Amino acid sequence: MPETVAVIGAGLVGCLTAIALAKRDYKVTLFDYRLDPRDQKTIDRNLRSINLAISSRGISSLEFVDKEVAGRVLKGIIPMKGRMIHHLNGAQESQTYGLFGESINSIDRAVLNHLLLDELERIGSDKVQVKFGHKLSKIKYGKPDEFQSCVFATEEGVDQVYATNFVVGCDGSYSTTRDQMQREVRMHFSQEYIDCCYIELYIPPSKNYDARYKGNFSLAPDHLHIWPRHQYMLIALANADGSFTSTFFGPWGLVESLLKSEARVREFLIKNFPDAMEIMGINQAVKSFMSHPKGALMCIECDPYNVSGGRGIILGDAAHSMVPFYGQGMNCGFEDVKVLMKLLDAYDGDRAKAFDAYTRERHQDLTAIVKLAKRNYKEMSHDVTSKVFLLRKKLDHWLGKLLKDKWLPLYTMVSFRADIPYHKAIAISKRQKTILDFIQVLIIAAISLLGYEGFKRVSRRLKQASRQ
Ligand code: FAD
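Residues numbered from 1 in each chain as written. Predicted model: local features only at pLDDT ≥ 70, side-chain atom pairs only at ≥ 80, totals over all residues. Heavy atoms only, no water.

A. How the structure looks around the overall build of the protein chain. On a plain count of helices and strands, the protein chain comes out with 15 helices and 19 strands. At 24 Å, the protein chain has a C-alpha radius of gyration in line with the 23 Å of a compact globule built from 468 residues. If one aligns the C-alpha atoms of the protein chain with their principal axes, the spans along those axes are about 75 × 50 × 40 Å. By residue count, 51% of the 468 residues in the protein chain fall in the buried class. Here the analysis covers contacts within the protein chain between residues at least 6 apart in sequence; of these, 69% occur between residues at least 24 apart. Working note: accessible area of the protein chain is about 22300 Å², and carbon and sulfur atoms make up 55% of it. (Helix = DSSP H or I, 4+ residues; strand = E, 2+ residues; numbered from the N terminus. Rg over C-alpha atoms; globule rule 2.2 N^0.38 Å. Buried < 20%, exposed > 50% of the residue type's maximum accessible area, 1.4 Å probe, protein only. Contact = heavy atoms within 4.5 Å. Areas by Shrake-Rupley, 256 points an atom, 1.4 Å probe, with all protein chains shown as cover.)

B. Main features of the domain arrangement of the protein chain. In terms of domain boundaries, the protein chain breaks down into domain 1 (4-77 + 107-191 + 300-377), domain 2 (192-296) and domain 3 (386-467). One C-alpha centre belongs to domain 1, the other to domain 2; they are set 31 Å apart. Taken together, the contact between domain 1 and domain 2 spans 16 residues of the former and 17 residues of the latter. Between domain 1 and domain 2, roughly 1500 Å² of surface is buried when both sides are summed, and carbon and sulfur atoms account for 54% of that area. Linking domain 1 with domain 2 are one salt bridge, by the criterion used here. (Domains from an automatic or database assignment. Buried area = accessible area lost by both parts, 1.4 Å probe. Salt bridge = Lys/Arg side-chain N within 4 Å of Asp/Glu carboxyl O.)

C. Representation of the packing of aromatic side chains in the model. Here the structure, examined in full by the defined rule, presents 20 aromatic pairs. Ring centres of F152 and Y162 lie 5.8 Å apart, and the angle between their planes is 80°; this geometry places the pair in the edge-to-face category. Here F152, found in strand β10 (residues 148-154), pairs with Y162, found in strand β11 (residues 159-164); they are ten residues apart in sequence, far enough to count as distant. Ring pairing ties together the aromatic residues Y232, F248, F268, F273 and F289, which thus form one cluster. Directly above the ring of Y422 sits R57, whose terminal nitrogen or CZ lies 4.1 Å from the centroid. (Phe/Tyr/Trp six-rings, centres within 6.5 Å; stacked < 30°, edge-to-face > 60°. Lys NZ or Arg CZ within 6 Å of the ring centre and 35° of its normal.)

D. Local environment of the site of the ligand. Looking at the ligand, there are 29 residues lining it, with D32, A53, R109, D317 and M330 nearest. R109 has a polar side-chain atom sitting 2.6 Å from an oxygen atom of the ligand. Taking T176, its side chain carries an N or O atom lying 3.2 Å from a nitrogen atom of the ligand. The fraction of the free accessible surface of the ligand (1000 Å²) that becomes covered by protein chains is 91%. If you list the elements that add at least two residues to the shell around the ligand, you get α1 (12-23), β3 (51-54), β9 (134-140) and α11 (329-346). (Near = heavy atom within 4 Å. Polar contact = N/O pair within 3.5 Å; in protein donor to acceptor, adjacent residues only side chain to side chain.)

E. Structural context of the sheet that holds β3. One open sheet holds the three strands; their spatial order is β3-β7-β4, and the pairing between them is antiparallel. If you trace the sheet from one side to the other, it starts and ends with β3 and β4 (78-80), each paired once. Here the average twist between neighbouring strands, direction ignored, is 35°. (Pairing = 2+ DSSP bridges. Axes fitted to C-alpha atoms, helices over the stretch in contact; angles between N-to-C directions.)

F. Focus on the side chain of S381. By the element assignment, S381 lies in helix α12 (residues 351-381). A residue is classified by how much of its surface remains accessible, and S381, at 2% relative accessible area, is buried. In this structure the side chain of S381 is engaged in a polar contact, spanning 2.8 Å, whose partner is the backbone oxygen of Y377. Contacts of S381, omitting those with residues within four sequence positions, involve P228, R229, H230, Y232 and M233.

G. How the structure looks around the UniProt feature "transmembrane region" (unreviewed entry) in the protein chain. On the UniProt side, "transmembrane region" (unreviewed entry) is annotated at positions that read residues 438-455 here. A helix fraction of 100% and a strand fraction of 0% characterise residues 438-455, whose end C-alpha atoms lie 17 Å from each other. (UniProt positions renumbered as here; feature names shortened; annotations may be inferred.)

H. Here's a closer look at helix α13 (residues 387-403). In this model, α13 (17 residues) spans 24 Å end to end at C-alpha, consistent with the 24 Å of a helix rising 1.5 Å per residue. When we look at burial in α13, the residues that qualify are F389, R392, L395, D396, H397, L399 and G400. A positive backbone phi angle near 50° is found at K404, which sits one or two residues after α13. (Expected span 1.5 Å × (residues − 1).)

I. Examining the sheet that holds β11 more closely. One open sheet holds the three strands; their spatial order is β9-β10-β11, and the pairing between them is antiparallel. In this open sheet, the two edge strands, each paired with only one partner strand, are β9 and β11. Across the sheet, the mean angle from the axis of one strand to that of its neighbour is 30°, orientation sign disregarded. For β9 and β10, the ladder comprises six bridges, and the chain directions are antiparallel. Within β10, the residue paired with H134 across the bridge is T154.

J. Inspection of a positive patch on the surface at higher detail. Residues K138, K140, K143 and R183 make up a contiguous surface patch of positive charge. On the secondary structure map, K138 appears in strand β9. (Patch = residues over 30% accessible without salt bridge, like charges linked within 9 Å, V, L, I, M, F, W, Y side chains within 5 Å. Lys, Arg positive; Asp, Glu negative; His and termini not counted. Charge placed at Lys NZ, Arg CZ, Asp CG, Glu CD.)

K. A look at the pattern of salt bridges. Taken as a whole, this structure holds 27 salt bridges when the rule is applied. R34 serves as the salt-bridge partner of D32, at 3.4 Å between the closest nitrogen and oxygen. A single burial state applies to D32 and to R34, both of which are buried. In this structure, R417 engages D405 in a salt bridge whose closest nitrogen and oxygen atoms are separated by 3.0 Å. Taken together, the positions of R417 in the loop between α14 (410-416) and α15 (422-467) and D405 in the loop between α13 and α14 put the pair twelve residues apart, joining distant regions of the chain. The network of salt bridges with shared partners includes D36, R38, D118 and E121.

Structure representation (structure tokens):
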């Protein structure tokens, strides 16, 4: 008899977990309190951004679970090779992400979720069953080797109880699985809201076809667009139909004071994002700004992630909610699935050992990326406009190109090198930062000695020499 598993949450991470476990011959039941999101009648636009950036960790984890599934669900992605900074005077400045043309990719959250649910159907109901309209309310953990019983409130208004060998909680930031786990294990847990809210806006497709972009795009689709204004910012990611999903991020105090009147919102948007308002349409932008839900952003850290004896574990946002400024929340959640499956394979299906090892090995990476994501808000909204930051970035890239694997910019390690765990990426970047600090001091000394023109001459010669 195959062992049974209840996966809680049919979001992005829950779907991938269900696919991976079904492939390992567990009998999977996937529960979600929503109704089927593919059903037109139940489409709910939840609070979160409708397109996401997927990068190497997410892609390689999908491929690890199933190469063919990855091929099918990633068909519509739009590569973004860099950031496009929109200055207040309308000038645009491209800052590439990778050293050798690497890209992150824009992907529609809902389409990805629907395609993953389709893949579960393709596996077949003898291996995976999906139960929508089931809201987990309680888990009663049995002794190791006993069943765990999960209680669900259902659409019909009656509670249903499911007994299962183990539970995997992928039920997002406000996870009930995690709450229930905290009654069983002494879990360290922290939750922090940052003073930033987000509002989704929309840039419609352009009326005109643009041959450069091969579509009706009013901005370059191969960039993540940022309008950095220090305390707040606007970003936009392309969709396949020529539209862009745009998100405003700013402090709650500002948003709440602005929201008091339509006139103030209008004045604020025109003053700070004039070029964006031209393509968005100011009336539509004001309406969306005032009426769309305001999303809160939080960081969650916990430890351990599992209940002993292989009875339960949490993955994805349930275990490590992070702010979206490194574009890693889903990528990291997908990587959780890969790491867990590798451990299950390594321990030959011994869940107790694999889950304990997961907590032991994964914790330092999860806390590292949660902290890094928080730090990146300042980089996106402010640093990208600073000359010193850009100079260091250039130097960082130049060293990366010159020294190849011996020098890796942090962004490259996090977004393009799934083989480098998050905590190692941060440790390497700390060492490199010390060297960059030193070089910066040398540059300042050289400029004061040679003058700016003299310094430029010497650095041109050095560049030429490095190319030979
Ligand atoms: P969720 O997507 O939250 O799914 C949880 C599921 O569990 C839901 O379907 C919910 O209905 C269900 N559920 C909850 N409670 C219960 C219950 N009691 N019973 C049954 N079902 C339940 N990440 C990136 O990698 N790249 C990005 O560019 C990016 N951009 C982002 C932009 C914004 C503005 C935000 C807010 C987030 C962004 N993220 C990004 C993060 C990403 O959205 C999340 O990390 C990802 O969605 C987490 O997936 P999940 O499956 O763990 O959780």
